[in-house]
Amino acid sequence: MDLMLFAPELSLVITGLAVLLIGLFIPTESKKILGYIATLGVIVALFFTVSSLGTQATAFYDTVSIDALSQFFKIVFLVVALLFTISGIKYTEGNSNTEEFFTLGLFATTGMMFVASANDLMVLFIAFELASLATYALVGFEKKNPKSLEAALKYFIIGALSGALMLLGISYLYGATGTTSIPGIAANADILVSSPMGLVAVVLLIAGFGFKIALVPFHMWAPDTYQGAPSVVSALLAAGSKKMGIVAALKIFVVALIALQAQWQIAFAILAVVTMTYGNVVALRQTSVKRMLAYSSLAQAGYITMAFVVLTPLALGGGIFYALSHGFMKAGAFIATAAVVYMVLSENKDSTDPDHIDNFKGLGRRMPITAMCMTLFVFALAGIPVTAGFMSKFILFSSTIKAGFVWLAVIAILNSAISLYYYAKVVKYMYFLPTDSERVSEPFPYTIAMIIAAIGVLVLGFWPEPFVYWAMEAAKVLIPGGF
Amino acid sequence: MLPILSLIVLIPLIFAALTLLTKTKEQARSLALVATVAVLLLTVYMYFNFDSSIASNQFEELAQWVPSLGITYHLGVDGVSMPLILLNAIVLPLLILFTWNDERKSPNKFYACILATEGAVIGVFTALDFFLFYVFWELTLIPLFFMVSIWGGPNKHHAAIKFFIYTHVASLVMLLGIFGLYFASWDMTGVPSLDIPTLIAQFQYIESGIAKDMIFLALLFGFIVKIPSFPFHSWLPDAYTEAPTAGSVLFVMLKIGGYGLFKIMLPMLPFTASPNLMITILAVLGSVSIIYGAFLALSQKDLKRMVAYSSVSHMGYVTLGAAGLVSLSVSGAMFQQFSHGLIMSIMFMSCGVINNATGTRIINDLGGLAQKMPKLATIMLFTFMASLGLPGLTGFVAEVSVLAGSFVNLPVYVIIALLAIVITAAYHLWAFQRTMFGVYNEKLGTVFDINRYQTLSMGIIAILILYFGFNPSPVFDMMLTNSEHIISLMAVVGV
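Since we're looking at a predicted model, the values are computed, not measured. (Residues numbered from 1 in each chain as written. Chains lettered and ligands numbered in written order. Predicted model: local features only at pLDDT ≥ 70, side-chain atom pairs only at ≥ 80, totals over all residues.)

Visitor: Run through the overall build of chain B, naming residues and quoting values.
Guide: Within chain B one finds 21 helices and two strands. The C-alpha atoms of chain B give a radius of gyration of 22 Å, which matches the 23 Å a tight globule of 495 residues would have. When its C-alpha atoms are laid out on the principal axes, chain B stretches across 70 × 55 × 40 Å. Here the analysis covers contacts within chain B between residues at least 6 apart in sequence; of these, 80% occur between residues at least 24 apart. (Helix = DSSP H or I, 4+ residues; strand = E, 2+ residues; numbered from the N terminus. Rg over C-alpha atoms; globule rule 2.2 N^0.38 Å. Contact = placed C-beta atoms within 7 Å.)

Below you can see the structure in the form of structure tokens.
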């Protein structure tokens, strides 16, 4: 077995351990270096992943497979991790637990990457838990902040429940087919179709993944957690962890359980419609920007879920491409919020809700770069042209129409029209409402992370060809045969 | 050869970005003037090299963009778009001159918005790929949204949001129509393509009649909201009225709805499953807009709002002429767009001047302004005459062509529209009499006439109205060529 296949994961693990060790021996003031090391590790991993694009291999007795799908999602996770570590440099400034922050982040990313390449349900579950456990701890990183702790506890309890449901579902699959291998289950699908165990497994798995992807009605934890968690961690959750749920669901439903398509397709159709509508409508009334972004994140997950309903290579490719775009847009938006929160807290230490939309008043004058990037991110989320968001909606929605689900596309398009209202509200606060406050200097690492995300959003919008190509390659892994 | 179309789209967009970086009003307005004059020169050059005897696209530029989805970078002009590009290229430098001495907050953003709108609108007129078309279509929204919500009147936020959401929803419906066309053609040919001429040509081969009608209506909805036509006009009075003067003029330059009607809808119309129904829809919308807009204009108290409603009425001629489906009515409708752009620019500029000078636009509070503002009164009288259709000016040429042409196929609707002519004359003359003549209202204090920049810019447009009124052929010929081409498509099917 070629160890180079796992170079990206290995570089993350090694960096994570190194950060943890080094952190033990250096004083708090010089812990800033840990952030740079972590960033470097992510860049190396990203380099290895990109340079091995197109590799096709399996490892560990066929339990792990490296293919276009896993590599595409690895890039998504690594990009999010990159934004996370860069902005983490500022967030953890002066914190004595810096090493834990970065190590947990890197381990979570490693877990997500293994989910993307899992070819066996046990590997998938363990990787899933690795990522989840690391993020539970990250959400509660602000030990003195009751909101952060509440968020972590809620997330942990719900996460444990969803993990249990998922495991139970997997055990049914194993019981019926005698294997945990994903292609193995697909090969024995006739057993599942003929026995009620298949249906039970589908229900349990949809519930399990529904929690992770935050589909309504399994979404209750998401707004509280995204709001209470440090913004940088919310970025990791919304942009990274959610995509892990999606890639896992793609593997289990579209590959392993494709024979039961009739049973789960309609469930996903209902979940998609309910999730996007609920997310958008509730987002209209939010005054906390992080909470608004959390609900918008529900809506976006609803759009991506459409790929499960349409199930054509184009739709799946569109959904996968959407995952990458959403990574940039949502992580960017949360980091921009983090910059604002940082600014508010540095002015007034006791501010109870630093992400309240009132704090965005006059941001265009106070923090011009942040405001400009935030404008780009929310317009991208709304699907305004020449941004990544428009390109992804274009592919996904148009593929929905192509497959004949015109009603679904119409609902989705109406939803994106509604969403424009609350996204435009943020822009209105930033540029049109006056403020007396002075211009402040923008925290440098946040700015870098936002600019990287902004460039990503624009590149995907202007020149999507190579990314669309790889997304379509990834979709071919799910549905061999292609177009 | 010089990529002239790319240049006239990109110069305003690039200069918009540069203008944002400037610090003072002087720098911003100079940059804006340089950019718009450059566009004007290139457009004039293009105009003189344009062959108005052929209906096909000229100055084409084609490059692959996203091959796997059939998206290309495809630009071109024909007789429908050339006059509209010319209109934008002429009016925009004059608009910059008009605002030359104005004092306002953040002039850099202001001029950047003007330039971005120009680039996006010309982009819509030149795009021959639906993706590019939609991108520019949506791009027009953003600077105009900012225009209204930063420099607008007291009710600006409401007007801006209403305009944005109203037209954005319409664009999304249009996008659905584009998707339908795209996939129907993809299924038939096996090759994805978003090329506008290709897709329009493919439209007739779609088998399902319902699908054809749905696609047609979805696209039509996007266009008639932008025109705007009754009953989807309600965003217009708010947006036009609340916008600053320059914003109102930009709205007037936004002829993309009517453009879509001629460029995309009419060539597809004969191949829909029920062409007669579609013609009736257009004719009803057009004639009702004409008369309903005129009545609403008559009842307005605010001068600018009156002008905005008169715009609904005038744009009704565009829809009616398109439905008339003879080459005279169709080219008359195209000419109405051109003429309306020139006339309305001065109308809104006049409203802006009056508002600045007196602090009010309420018609009853004004009066006798002609004594204090003779230059404005002269130009305004001229424009009001052009707007109500005095022979020898552009409005007359356009309206007569539309009404005479449409009478062949749609006599009833034309008679309905004719009734509006009386009302049109009434509200114009009545409003002019109450604002300009009579006893000067002393409460208005001391007012000053238009400055020389304003005189220059309004004067040049007025001269153009006169010139094209006597000699419309420089733009009318190419419109006629294209409308004959459209009508020849009708003949094939025998509508």
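Back to the text.
Visitor: So what's going on with the overall build of chain A? Residues and values would help.
Guide: The secondary structure content of chain A amounts to 20 helices and two strands. Taken over the C-alpha atoms alone, chain A extends approximately 70 × 55 × 40 Å along its principal axes. When the 483 residues of chain A are sorted by exposure, 63% land in the buried category. The contacts in chain A between residues at least 6 apart in sequence include a share of 79% that link residues at least 24 apart. (Buried ≥ 20, exposed ≤ 12 C-beta atoms within 10 Å, placed from the backbone.)

Visitor: Describe in detail helix α12 (residues 256-268) of chain B, supporting the description with residues and values.
Guide: With 13 residues, α12 of chain B extends 17 Å between its outermost C-alpha atoms, agreeing within 8% with the 18 Å of an ideal straight helix rising 1.5 Å per residue. The largest bend along α12 of chain B measures about 30° and falls at phenylalanine 262 of chain B. (Expected span 1.5 Å × (residues − 1). Bend = angle between axes of the 7 residues up to and from the residue.)

Visitor: Account for the interface of chain B and chain A, naming residues and giving values.
Guide: The interface of chain B with chain A comprises 21 residues on the first partner and 20 residues on the second. Of all the elements in the fold, those that place two or more residues in the side of chain B that touches chain A are α5 (130-139), α6 (141-151) and α7 (156-189) of chain B. At eleven residues, the largest contribution of residues to the side of chain B that touches chain A is made by α7 of chain B. Grouping the constituent residues of the side of chain B that touches chain A by class yields 16 nonpolar, four polar and one charged. (Nonpolar A, V, L, I, M, F, W, Y, C, P; charged D, E, K, R; others polar.)

Visitor: Give me the environment of alanine 68 of chain A: which residues, what numbers.
Guide: Residues and elements named next belong to chain A. The topology assignment puts alanine 68 in helix α3 (residues 68-91). Separated by 410 residues in sequence, alanine 68 and leucine 478 place their C-alpha atoms 9.8 Å apart. Contacts of alanine 68, omitting those with residues within four sequence positions, involve Trp470, Glu473, Ala474 and Val477.

Visitor: Describe the nonpolar core, and please don't skip the residues or the numbers.
Guide: In this structure, Leu83, Val115, Ile335 and Phe377 of chain A are the most contacted members of the largest nonpolar core, which totals 393 residues. Here the element with the most residues in this core is helix α14 (residues 313-347) of chain A; it accounts for 21 residues. (Core = buried A, V, L, I, M, F, W, Y, C linked by C-beta atoms within 7 Å.)

Visitor: Residues and numbers for the environment of threonine 22 of chain B, please.
Guide: Residue and element names in this part refer to chain B. On the secondary structure map, threonine 22 appears in the loop between α1 (4-20) and α2 (25-48). Exposure remark for threonine 22: the 19 C-beta atoms within 10 Å place this residue in the partly exposed category. Separated by 86 residues in the primary sequence, threonine 22 and asparagine 108 have C-alpha atoms spaced 6.0 Å apart. Aside from chain neighbours lying at most four places away, what touches threonine 22 is Gln27, Ala28, Leu31 and Asn108.

Visitor: How would you summarise the pairing of strand β1 (residues 58-66) of chain B if you had to cite specific residues and measurements?
Guide: Consecutive side chains of a regular strand alternate in pointing toward one face of the sheet and then the other. All names here are of chain B. Bridge analysis of β1 against strand β2 (residues 71-77) gives six bridges, and the strand direction is antiparallel. Along β2, the bridge assignment pairs glutamine 58 with valine 77. Here β1 folds back onto β2 in antiparallel fashion, the turn holding four residues, of which glycine 70 has a positive phi close to 75°. (Pairing = 2+ DSSP bridges.)

Visitor: So what about the confidence of the model for chain A? Which residues, and what values?
Guide: Chain-level pLDDT for chain A is 89 on average; 99% of the residues reach the 70-or-more range. The least confident element of chain A is helix α8 (residues 189-194) of chain A, whose mean pLDDT is 84; the most confident is helix α4 (residues 98-117) of chain A, at 94. (pLDDT = per-residue confidence, 0-100.)

Visitor: Describe in detail the packing of helix α17 (residues 374-388) of chain B against helix α19 (residues 411-436) of chain B, supporting the description with residues and values.
Guide: All names here are of chain B. At their nearest, the axes of α17 and α19 sit 9 Å apart, and the two run at 170° to each other. With respect to each other, α17 and α19 are oriented roughly antiparallel. Facing α17, whose interface residues are Ala377, Met380, Leu381, Phe384, Ser387 and Leu388, α19 presents Thr424, Ala425, His428, Phe432 and Met436. Its residues placed into classes, the contact of α17 with α19 shows eight nonpolar, three polar and no charged. (Axes fitted to C-alpha atoms, helices over the stretch in contact; angles between N-to-C directions. Parallel < 35°, antiparallel > 145°, perpendicular 65-115°, else oblique.)

Visitor: Before we move on, could you go through helix α15 (residues 327-358) of chain B and cite the residues and values that matter?
Guide: Owing to its 3.6 residues per turn, the α-helix brings residues three or four apart onto one side. Residue and element names in this part refer to chain B. Between its first and last C-alpha atoms α15 spans 46 Å; for 32 residues at 1.5 Å apiece the expected length is 46 Å, and the two agree. Most of α15 is tucked away, with 30 of its 32 residues classed as buried. Among the residues trailing α15, glycine 359 stands out with phi positive, at a value near 80°.

Visitor: Describe the environment of isoleucine 200 of chain B, and please don't skip the residues or the numbers.
Guide: Residues and elements named next belong to chain B. By secondary structure assignment, the location of isoleucine 200 is in helix α8 (residues 196-203). The sequence separation of isoleucine 200 and leucine 172 amounts to 28 residues, and the corresponding C-alpha distance is 19 Å. Excluding residues that lie within four positions of it along the chain, isoleucine 200 makes contacts with Ile264, Pro267 and Met268.

Visitor: Outline the confidence of the model for chain B, supporting the account with residue identities and numerical values.
Guide: Per-residue pLDDT for chain B has a mean of 89; in total, 99% of the residues score no lower than 70. For this predicted complex, the interface confidence score (ipTM) comes to 0.73, while the overall pTM stands at 0.84.

Visitor: Account for the packing of α4 of chain A against helix α11 (residues 231-256) of chain A, with residues named and values stated.
Guide: Residue and element names in this part refer to chain A. It is at 9 Å that the axes of α4 and α11 come closest, and there the two elements cross at 25°. Put simply, α4 runs roughly parallel to α11. Pair α4 / α11 crosses with left-handed handedness. Mapping the contact onto sequence places Gly105, Ala108, Thr109, Met112, Val115 and Ala116 in α4 and Leu236, Gly240, Ser241, Met244, Val247 and Ala248 in α11. Of the residues that constitute the contact of α4 with α11, the class distribution is eight nonpolar, four polar and no charged. (Left-handed = near helix turned anticlockwise from the far one by under 90°.)

Visitor: Kindly report on unusual backbone geometry, identifying the contributing residues and their values.
Guide: For the peptide bond that leads from valine 216 of chain A to proline 217 of chain A, omega is 10°, which places it in the cis range. Within the secondary structure layout, proline 217 of chain A lies in the loop between α9 (196-213) and α10 (221-228). Residue phenylalanine 230 of chain B is joined to proline 231 of chain B through a cis peptide bond whose omega torsion reads 0°. Relative to the assigned elements, proline 231 of chain B resides in the loop between α9 (209-226) and α10 (235-242). Despite not being glycine, valine 386 of chain A has its phi angle at roughly 55°, a positive value. Its place among the elements puts valine 386 of chain A in the loop between α16 (368-382) and α17 (388-402). Although it is not a glycine, phenylalanine 59 of chain B adopts a positive phi angle of roughly 55°. Counting through the fold element by element, phenylalanine 59 of chain B comes out in strand β1.

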